[in-house]
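# Examining the three-dimensional arrangement
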Amino acid sequence: MILEYYRVREDAIPPTRANPSDAGLDVHYNPDGKYDRETVLLGPNQSAIFSTGLKFGIPHGYMLEVKNRSGNAAKKKLLVGACVIDSGYDGEIFVNLHNVGNETQIIERGDKIAQLVLVPVVHFRALETPNDNLYNWYPITISDRGDGALGSTDQPKAKTAPTPASNQAASVDVFSVPRNWELGDSHENR
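This write-up is about the structure you can find in this document. Quantities reported herein were computed from a predicted structural model and do not represent experimental measurements.

### Considerations on unusual backbone geometry
With a phi close to 65 degrees, Asn45 is a non-glycine residue in the positive phi region. Here Asn45 is to be found in the loop between strand E3 (39–42) and strand E4 (47–51). Residue classification places Asn45 among the exposed residues on the basis of a relative accessible area of 70%. With phi around 60 degrees, Lys77 is a residue other than glycine that occupies positive phi space.

See below:
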């Protein structure tokens, strides 16, 4: 797939790919010369927004995800904030960098600051339900994770004897929705 990009400033460095099989394109710090400094000192626990000087045309059904560069994360302790660039966004791409280390980091014009990965998007509509247990009535997952979070899969599971009721999913007729109902409508609209 080919994505078009545009340099919003003539001196902006084009995105680069170090190896043909790399998942992402590296983007560089390209200060605008007016508001951005050529060199930024990012202290411990500080964050800053960095200009790339680039715009991308992202097709419908995809997004660009701004990801960490492994070297920046491992060696400099610089992590990218949550960055999703949606299809249809027509502005310059900025990178939110966080210094999670104990030393001040220097970011200069031309430094590689992040990588962009093109990701397919599954568009969905959310359906509100009055049922607290979202997985017990219809088999939409093969996992029995439950509400475990934050390292819960590292803990051994307690063994419990199965009960006859737990071996059967509740009987629900998933085809009894009205014709005018659409995915995304709340339970009250059914």
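Further notes follow.
### Brief notes about the packing of aromatic side chains
For the coordinates displayed, the defined rule picks out two aromatic pairs. Here Tyr5 and Phe56 contribute two aromatic rings whose centre-to-centre distance is 5.8 Å and whose plane-to-plane angle is 35 degrees, an arrangement assigned as tilted. Of this pair, Tyr5 sits in strand E1 (residues 5–7) while Phe56 sits in strand E5 (residues 54–56), and the two are 51 residues apart along the sequence. Relative accessible area serves as the criterion here: at 38%, Tyr5 is assigned to the partly exposed category.

### A short note on the nonpolar core
Within the largest apolar cluster, 22 residues are counted, with the highest numbers of intra-cluster contacts made by Phe50, Val66, Val95, Leu97, Ile113 and Leu116. For this core, the secondary-structure elements that each account for two or more residues are E3, E4, E5, strand E6 (62–67), strand E7 (78–80), strand E9 (94–99) and strand E11 (112–120). Counting residues per element, this core draws most heavily on E11, which supplies three residues. Setting aside anything within four residues of it in sequence, one finds Val95 in contact with Val27, Ala48, Ile49, Phe50, Thr52, Val66, Val80, Ile113 and Ala114.

### Quick word on the sheet that holds strand E8 (residues 84–86)
Across the sheet, four strands lie side by side as E2-E11-E6-E8; this open sheet has antiparallel pairing. Looking at strand neighbours, the two that pair on one side only are strand E2 (25–28) and E8, the edges of this open sheet. Between one strand axis and the next, the sheet turns through 30 degrees on average, direction left out of account. The sheet contact formed by E6 and E8 spans three bridges and is antiparallel.

### With respect to the side chain of Glu92
With respect to the helices, strands and loops of the structure, Glu92 is situated in the loop between E8 and E9. Residue class for Glu92 comes out buried when judged on its relative accessible area of 13%. A distance of 3.3 Å separates a polar side-chain atom of Glu92 from the backbone nitrogen of Thr52. Excluding anything up to four places from it in sequence, Glu92 contacts Val8, Arg9, Ser51, Thr52, Gly53, Leu54 and Lys55.

### Section: the sheet that holds E7
With antiparallel pairing, the three strands of this open sheet are ordered in space as E4-E9-E7. Only two strands of the sheet have a single neighbouring strand rather than two, namely E4 and E7. Averaged over all pairs of adjacent strands, the angle between strand axes in this sheet comes to 35 degrees, irrespective of strand direction. Pairing geometry for E4 and E9, over five bridges, is antiparallel. Bridging across to E9, Phe50 finds its partner in Val95.

### Some points on the pairing of E6
Taken together, the six bridges between E6 and E11 define a ladder with antiparallel strand orientation. Within the sheet, the bridge partner assigned to Leu64 lies in E11 and is Leu118.

### Re the side chain of Asp26
Here Asp26 lies in strand E2. Within the structure, Asp26 has its side chain in polar contact with the side chain of Arg69 (distance 3.1 Å). Those residues in contact with Asp26, other than ones at most four positions away along the chain, are Pro15, Thr16, Arg69, Lys112, Ala114 and Gln115.

### Considerations on a nonpolar patch on the surface
On the surface, a nonpolar cluster with roughly 300 Å² of combined accessible area is contributed by Ile49, Tyr89 and Phe94. Looking at the secondary structure, you find Phe94 in strand E9. We classify Phe94 as partly exposed; its relative accessible area is 39%.

Cut-offs and rules
- Residues numbered from 1 in each chain as written.
- Predicted model: local features only at pLDDT ≥ 70, side-chain atom pairs only at ≥ 80, totals over all residues.
- Heavy atoms only, no water.
- Helix = DSSP H or I, 4+ residues; strand = E, 2+ residues; numbered from the N terminus.
- Buried < 20%, exposed > 50% of the residue type's maximum accessible area, 1.4 Å probe, protein only.
- Phe/Tyr/Trp six-rings, centres within 6.5 Å; stacked < 30°, edge-to-face > 60°.
- Core = buried A, V, L, I, M, F, W, Y, C linked by side-chain atoms within 4.5 Å.
- Contact = heavy atoms within 4.5 Å.
- Pairing = 2+ DSSP bridges.
- Axes fitted to C-alpha atoms, helices over the stretch in contact; angles between N-to-C directions.
- Polar contact = N/O pair within 3.5 Å; in protein donor to acceptor, adjacent residues only side chain to side chain.
- Patch = residues over 30% accessible without salt bridge, like charges linked within 9 Å, V, L, I, M, F, W, Y side chains within 5 Å.
- Areas by Shrake-Rupley, 256 points an atom, 1.4 Å probe, with all protein chains shown as cover.
- Salt bridge = Lys/Arg side-chain N within 4 Å of Asp/Glu carboxyl O.

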